[in-house]
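A look at the structure
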Amino acid sequence: MASGLTTADSTAKLLSDLKIDAGDWPPSLVKNLHLLSPDQIQLGKMLLEMGQSHLFQHWAEPGVDDDQKKAFFTQLSKLNSSYPGGLASYIKTARELLADSKAGKNPYDGFTPSVPTGEVLSLGDDNFIKFEDVGVKEAKNAAFVLVAGGLGERLGYNGIKVALPAETTTGTCFLQLYIESILALQEASSRLTQGTCQKEIPFVIMTSDDTHTSTVDLLESNSYFGMKPSQVKLLKQEKVACLDDNDARLALDPHNKYKIQTKPHGHGDVHSLLYSSGLLNVWHDSGSRWVIFFQDTNGLLFKAIPASLGVSATKEYHVNSLAVPRKAKEAIGGITKLTHSDGRSMVINVEYNQLDPLLRATGHPDGDVNCETGYSPFPGNINQLILELGPYIKELTKTGGAIKEFVNPKYKDASKTSFKSSTRLECMMQDYPKTLPPSARVGFTVMDTWLAYAPVKNNPEDAAKVPKGNPYHSATSGEMAIYRANSLILKKAGVQVEDPVQQVFNGQEVEVWPRVTWKPKWGITFAEIKSKVSGSCSISQRSTMALKGRDIFLENLTLDGALIINSTDGAEVKVGGSIKNKGWLIERIDYKDTAFPEELRIRGFRMEKKEQLEETYSQPGKYTLKP
């Protein structure tokens, strides 16, 4: 500070240099302005103009809590820079949405729903195989984006969700499964298109403050599961400010008056993060054409991706939503075409609790009902999107990646004047099409649920309360779904697979199929799997089979027990004959039994390895295994 100037003088000079009249500013802020940079003062001015003077009312005299005051503005600057349009835009949008919420305004007012156009596929038929072939060839022109901002707390698991084993026969975690699937697609795409040099498929993981460090640790401690570290980029999502009331006053942290309370903004942030990272243009310049978005705990997803990508390429969809058949009123969003009375239209996910009233209000007195197929005509959205990169970049250049938001305040009473706890704006990845022009080609691809969708999100207690016949979406059902899908795929490929038995684990009744698993590189498409099975093969219900290698061929194999094959690239192994042993038993465990690790407790079972035939082929060559 220049000699002879008091703090008050220097503050007055600063304000006059910045052309700010602080006449009606809170005195507690004016006294402390000497702590702030000119940029921070401008930010303070904006907040006061937006009715946020309460943030400074309790500020202490200069010399008390000065570090906390500076930290407060550091936090404000971060909140301001990480939101498209800054805090002013956030507050303005919040006021509009809160006013609509208080008034009970219907977001779909003026829109009429209809069933959009899309492709319904059935595993193994000619159509499916044709689309899969196109999709694998296109895969080298794709980039994958995993939205993984969440912890497994809701599951009863204390780690990050992507570290959970997808199944416990091999213990492969979700992140490893995803990376190995992308690498298998990369290799198959290069092989099918006779690529002389293999093009690396980029992989982005969106993390959050909660998951970032653990995700980095998981990748680094496992050598990125075989992917080149340069292929993987992590983008960290920031939280947004909480709101205290219908005037969108920013909420202070109840434990610290120099801190804004924040909460997650939702996975829709992935679009603005990709936009601001500059990666989209890098991909575009290197010849990429597709961006494929997926979520963190669906162990079946990559069985559906090749054919869905083939649909996108063949139909030239700008947006392709992966979907499954949906029962009417099932708690899963429906993909719907909405046409406004002014002529606008969009194809969008409509949440199940909004779809039924919307149909009733627009000339469908029965609302959301099943059609002659036994399913709703509106397919169920599973939150996996395939976007064409060119149109995607064009759209984000207009929006900056901002996604239409919503607010979901929990009101104290019917007057809707105060909240039970602070709220915030939220956005969803699948709401991206809301701002697209009518010329955008938006479609969907429906696959059987057993092939494409088995998310792991509910803990054992919640899953056990799910009404009978509805999906559990637990670690128990997610693992059993992988065995079911693999068994049904082998069945379609000509293997005799014994029927499942029903068993109850953690209060959930599930079908237990043979525990069949394979590395993605063994078979990333149905055609590839079918080419590796010949003669008369059969697998008993109590069997376990893990194929860990590319060139393993099943010829006239009868399996009744456990078989594990490990083979290096270049080792061609033919497996046949009759293999019978005591195998692996599924032992029931109680989820409250702390003698077992969490990842087993939340399933309600573990594998008891009695006896198996395990062979390892670590050198290239041709081998036959025929006991």
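Quantities reported herein were computed from a predicted structural model and do not represent experimental measurements.

1. What about the environment of Leu-151?
Tracing the backbone through its elements, the reader meets Leu-151 in the loop between strand E3 (142–147) and helix H7 (174–192). Spatially, the C-alpha atom of Leu-151 lies 9.8 Å from that of Ala-163, the residues being twelve residues apart in sequence. Not counting residues within four places of it along the chain, the set of residues in contact with Leu-151 comprises Gly-159, Ile-160, Lys-161, Asp-210 and Thr-211.

2. Here we look at the domain arrangement of the protein chain
In terms of domain boundaries, the protein chain breaks down into domain 1 (8–81), domain 2 (107–454) and domain 3 (473–623). Distance from the C-alpha centre of domain 2 to the C-alpha centre of domain 3: 29 Å. Listed per partner, the contact involves 34 residues of domain 2 and 35 residues of domain 3. Here domain 2 meets domain 3 over a buried area of about 2,800 Å², counting both sides, of which 66% is carbon and sulfur.

3. Here we look at empty space enclosed by the protein
On inspection of all chains with the given rule, the structure shows four cavities of 30 Å³ or more. Considered as a void within the structure, the largest cavity measures approximately 60 Å³ in volume. Lining the largest cavity, in full, are Val-319, Ser-321, Ile-335, Val-347, Ile-348, Asn-349, Asn-381, Leu-385, Gln-430, Pro-433 and Val-442. Elements with a minimum of two residues in the lining of the largest cavity: strand E12 (319–324), strand E14 (345–350) and strand E15 (380–388). For the lining of the largest cavity, the element with the most residues is E14, which contributes three residues.

4. Considerations on the packing of helix H6 (residues 126–139) against H7
Where H6 contacts H7, the two axes come as close as 7 Å, and the packing angle between them is 100°. Put simply, H6 runs roughly perpendicular to H7. Packed against H6, whose contacting residues are Asp-133, Val-136, Lys-137, Glu-138 and Ala-139, the element H7 presents Leu-185, Ala-188, Ser-189 and Leu-192 at the interface. Of the residues in the contact of H6 with H7, the class split is five nonpolar, one polar and three charged.

5. Observations concerning the state of the cysteines
By the definition in use, this model includes zero disulfides. With no disulfide of its own, Cys-242 lies closest to Cys-427 among cysteine sulfurs, the gap being 14 Å. For Cys-242, a relative accessible area of 0% gives the class buried.

6. Notes on the packing of aromatic side chains
Following the criterion strictly, the structure yields 21 aromatic pairs and no others. With 6.1 Å between their ring centres and 90° between their planes, Trp-59 and Phe-73 make a pair best called edge-to-face. A residue pair is termed long-range when its members are at least 10 positions apart, and Trp-59 in the loop between helix H3 (38–49) and helix H4 (66–81) and Phe-73 in helix H4 qualify at 14 residues. Neither residue differs from the other here; Trp-59 and Phe-73 are each classed as buried. Seen from their ring centres, Tyr-617 and Tyr-623 are 4.8 Å apart, and the 45° between their planes marks the pair as tilted.

7. Quick word on the layout of surface pockets
Considering only enclosed or pocket space, the second largest pocket measures out at about 460 Å³ in volume. In terms of lining residues, the second largest pocket is bounded by 33 residues, among which Leu-177, Lys-303, Trp-518, Lys-519 and Pro-520 are the most central. Elements with a minimum of two residues in the lining of the second largest pocket: H7, helix H11 (301–315), helix H16 (475–492), strand E23 (515–518), helix H17 (526–531) and strand E26 (544–548). Class assignment for the residues of the lining of the second largest pocket results in 17 nonpolar, ten polar and six charged.

8. Digging into helix H13 (residues 389–399)
Those residues of H13 not exposed but buried are Leu-389, Tyr-392, Ile-393, Glu-395 and Leu-396. Viewed end-on, H13 has its buried residues packed into an arc of 165°, placing them on one side of the element. Among the exposed residues of H13, those pointing more than 90 degrees away from its buried face are Lys-394 and Lys-398. Buried residues along H13 sit against helix H9 (269–277), helix H10 (279–285), strand E11 (290–295) and E15. After H13 finishes, the residue Gly-400 shows a positive phi value of roughly 70°.

9. Some points on the packing of H3 against H4
Relative orientation of the contacting elements H3 and H4 amounts to 75°, with a least axis distance of 10 Å. The pairing of H3 with H4 is recorded here as roughly perpendicular in orientation. Two secondary-structure elements touch here, H3 through Gln-40, Leu-43, Gly-44, Met-46 and Leu-47 and H4 through Lys-70, Phe-73, Thr-74, Leu-76, Ser-77 and Asn-80. A class-by-class count of the residues in the contact of H3 with H4 yields five nonpolar, five polar and one charged.

10. Here's the deal with the nonpolar core
Core analysis: the largest hydrophobic core is formed by 110 residues, its most contacted members being Phe-144, Leu-175, Phe-203, Leu-490, Met-545 and Val-575. The greatest single-element share of this core, amounting to ten residues, is contributed by H7. Each of domain 2 (107–454) and domain 3 (473–623) accounts for three or more of the residues forming this core. Contacts of Phe-203, omitting those with residues within four sequence positions, involve Phe-144, Leu-146, Leu-175, Ile-179, Ile-182, Met-227, Gln-231, Val-232, Lys-233 and Phe-294.

11. What about the sheet that holds E23?
Overall, parallel pairing links the four strands, which are arranged E23-E26-E28-E32 in an open sheet. The sheet terminates laterally at E23 and strand E32 (613–617), the two strands that pair on one side only. Each strand of the sheet is rotated relative to its neighbour by a mean of 5°, with strand direction disregarded. Of the strand pairs in this sheet, E26 and strand E28 (residues 562–567) are connected by five bridges, and their pairing is parallel. Residue pairing in the sheet places Met-545 in a bridge with Leu-563 of E28. On the sheet, H16 packs against E23 and E26 and is oriented at approximately 80° with respect to E23.

12. Some details on the environment of Leu-79
With respect to the secondary-structure elements, Leu-79 resides in helix H4. According to the relative accessible area criterion, Leu-79 is buried, its value standing at 8%. Taking the C-alpha atoms as reference, Leu-79 lies 49 Å from Leu-488; in sequence the two are 409 residues apart. Excluding its chain neighbours within four sequence positions, the residues that come into contact with Leu-79 are Leu-87, Lys-239, Val-240, Ala-241, Ile-260 and Thr-262.

13. Some thoughts on the pairing of strand E1 (residues 111–114)
Only one face of E1 is covered, namely the one carrying Phe-111 and Pro-113; the face carrying Thr-112 and Ser-114 has none of its residues buried. Taken together, the four bridges between E1 and strand E13 (residues 334–340) define a ladder with antiparallel strand orientation. Note on E13: the bridge partner recorded for Phe-111 is His-340.

14. Section: the pattern of salt bridges
Enumeration over the complete set of coordinates arrives at 36 salt bridges. One salt bridge in this structure joins Lys-137 and Asp-133, with 3.1 Å as the shortest N-O distance. Placement of both Lys-137 and Asp-133 in helix H6 is noted, with a separation of four residues, approximately one turn of the helix. By relative accessible area, Lys-137 is classed as partly exposed at 35%. As a salt-bridge pair, Lys-398 and Glu-395 come within 3.4 Å of each other at their nearest N and O atoms. On the criterion of helical spacing, the pair formed by Lys-398 and Glu-395 is a turn pair, its members being three residues apart in helix H13. Among the residues examined, Lys-398 registers a relative accessible area of 62% and is labelled exposed. Owing to a relative accessible area of 3%, Glu-395 belongs among the buried residues under this scheme. Through salt bridges with shared partners, a single network forms among Glu-187, Arg-191, Lys-521, Glu-528, Lys-532, Arg-550 and Asp-569.

Conventions used here
- Residues numbered from 1 in each chain as written.
- Predicted model: local features only at pLDDT ≥ 70, side-chain atom pairs only at ≥ 80, totals over all residues.
- Heavy atoms only, no water.
- Helix = DSSP H or I, 4+ residues; strand = E, 2+ residues; numbered from the N terminus.
- Contact = heavy atoms within 4.5 Å.
- Domains from an automatic or database assignment.
- Buried area = accessible area lost by both parts, 1.4 Å probe.
- 1 Å grid on protein atoms, 1.4 Å probe; cavity = no way out; pocket = protein on both sides within 12 Å on 5 of 7 lines; lining within 4 Å.
- Points joined across faces, edges and corners; volume = space filled by probe spheres on them.
- Axes fitted to C-alpha atoms, helices over the stretch in contact; angles between N-to-C directions.
- Parallel < 35°, antiparallel > 145°, perpendicular 65-115°, else oblique.
- Nonpolar A, V, L, I, M, F, W, Y, C, P; charged D, E, K, R; others polar.
- Disulfide = S-S within 2.5 Å.
- Buried < 20%, exposed > 50% of the residue type's maximum accessible area, 1.4 Å probe, protein only.
- Phe/Tyr/Trp six-rings, centres within 6.5 Å; stacked < 30°, edge-to-face > 60°.
- Arc of directions from axis to C-beta.
- Core = buried A, V, L, I, M, F, W, Y, C linked by side-chain atoms within 4.5 Å.
- Pairing = 2+ DSSP bridges.
- Salt bridge = Lys/Arg side-chain N within 4 Å of Asp/Glu carboxyl O.

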